[in-house]
Structures are given as C-alpha cells and as structure tokens.
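Descriptive structure summary
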Amino acid sequence: MSALKPQNTRALARGAIIAALYTALTVLLAPLSYGEVQIRFSEAFTLLPMLMPEAVPALLVGCLLSNIIGGCTIFDIVFGSLATLLAAICTYKLRDKFWLSALMPVLFNGVIVGAVVHFCYAPAIALPLCMLSVAAGEAVACLVVGPLLIGVLRKVFIMYGLSMTSPIDGSIIDTIVP
C-alpha cells in the first residue's frame, strides 16, 4: 500500500476541515439554518471550490451531516445535500467566471431546497414563494458573505506566500477575487 503524497494529504485535511466548519456553523446557527425562511451562512463555503477542488466532496459531507444533525426529513437530507453538491460542482467548473460561479448555489438551492421546503415543511406556502425565500437567503450567503470569504482567503494566501495546488494534477490554482 502506497502512502499519500503530501499534496493529497493536505487536500484531504483541508476537505475534512471544510466539512467540519460547514457542519459546525450550520448547527451553531440552527435557528437561521433551517426552516421556511433560512439563511445558511455556511453556504458561503460553496464558493471554496473556486480555490480548492477538494471542497466539492467536503461540502457534500458537511451538508449531509448538518441535515442529519438538524433533524431534517429524509427528502431534505438527500435532495438538500444533492443541491449543495451540484452547486459545488458547477462552482468549480465555472471558477473562472466569479459571479456566475457564485450564482450556482443560489439557483440550485433555490429550486431544489425551495421545493423540499414546500413539499415537506410548508405546503401552505406557494412553491414559488418557498423557492424565492430559499434563494434570497442563499444570495446573502453566496453573493455577500462568500465573496468576503474569498477575498480574505486571497489576502491570507498572499500574506503567507501560500498557493493552492490541485490534488488532481498538482497544478497551482490561482486565487480568484471578484
């Protein structure tokens, strides 16, 4: 059995930290993180795939754990986590187009989680209103908090002379700032 390369070990550790931070922040801010009207600030982490590909599976794990711990329905656990995964994949794929990339979590979660909220928690509220409500909260996390997070990370990278290397091909990933 071969040992992990140092860059893969670092990527695995970063992924574990991202998943843990996503879960901790979601659960800590539970009154805001769940329900018909929600602002899940941990969704700002869905912009991290712009900088780190390992954030994609980490976000899936973090969202899955958050939804399980938060007592969500099985539909929310499955489809909410799927929405975050799809958003993270698209964020990674569109990483060269910052604002379009940042919009992906808003769109995926607005539609998918909005539908889950309507059908599982608030059938009395019209489906489009549920989708709009979730998208609005997601917009705060991804279009306001997320860019601030990316900006701070970029400054930290510059201050400490850090660079992100892709665990896929070892190439240096340039930091992206809006």
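Residues numbered from 1 in each chain as written. Predicted model: local features only at pLDDT ≥ 70, side-chain atom pairs only at ≥ 80, totals over all residues. Heavy atoms only, no water.

**Remarks on helix 6 (residues 127-160)**
If you check helix 6, its first and last C-alpha atoms are 47 Å apart, about what 34 residues at 1.5 Å a residue would give, namely 50 Å. Along helix 6, the sharpest change in direction is near 35° and occurs at Val145; proline Pro147 comes one to four residues later. Looking one or two residues past helix 6, Gly161 carries a phi angle of roughly 65°, positive in sign. (Helix = DSSP H or I, 4+ residues; strand = E, 2+ residues; numbered from the N terminus. Expected span 1.5 Å × (residues − 1). Bend = angle between axes of the 7 residues up to and from the residue.)

**So, the packing of helix 3 (residues 55-69) against helix 4 (residues 74-93)**
Geometrically, a packed helix pair is captured by the angle between its two axes and the distance between the axes. Relative to each other, helix 3 and helix 4 sit at 160°, their axes nearing to 9 Å. In terms of orientation, helix 3 and helix 4 fall into the roughly antiparallel class. For the element pair helix 3 and helix 4, the recorded crossing hand is right-handed. In this structure, helix 3 contributes Val56, Leu59, Leu60, Cys63, Leu64, Asn67 and Ile68 to the contact, and helix 4 contributes Asp76, Ile77, Gly80, Ser81, Thr84, Leu85, Ala88, Ile89 and Tyr92. A per-class count over the contact of helix 3 with helix 4 returns 11 nonpolar, four polar and one charged. (Axes fitted to C-alpha atoms, helices over the stretch in contact; angles between N-to-C directions. Parallel < 35°, antiparallel > 145°, perpendicular 65-115°, else oblique. Left-handed = near helix turned anticlockwise from the far one by under 90°. Contact = heavy atoms within 4.5 Å. Nonpolar A, V, L, I, M, F, W, Y, C, P; charged D, E, K, R; others polar.)

**So, the packing of aromatic side chains**
Within this structure, the stated rule accounts for one aromatic pair. Plain terms: the ring middles of Phe98 and Trp99 are 4.9 Å apart, the flat faces sit at 85° to each other, and that makes the pair edge-to-face. The class of Trp99 is partly exposed, set by a relative accessible area of 45%. Lying over the aromatic face of Tyr92, Arg95 brings its terminal NZ or CZ to 4.1 Å of the ring centre. (Phe/Tyr/Trp six-rings, centres within 6.5 Å; stacked < 30°, edge-to-face > 60°. Buried < 20%, exposed > 50% of the residue type's maximum accessible area, 1.4 Å probe, protein only. Lys NZ or Arg CZ within 6 Å of the ring centre and 35° of its normal.)

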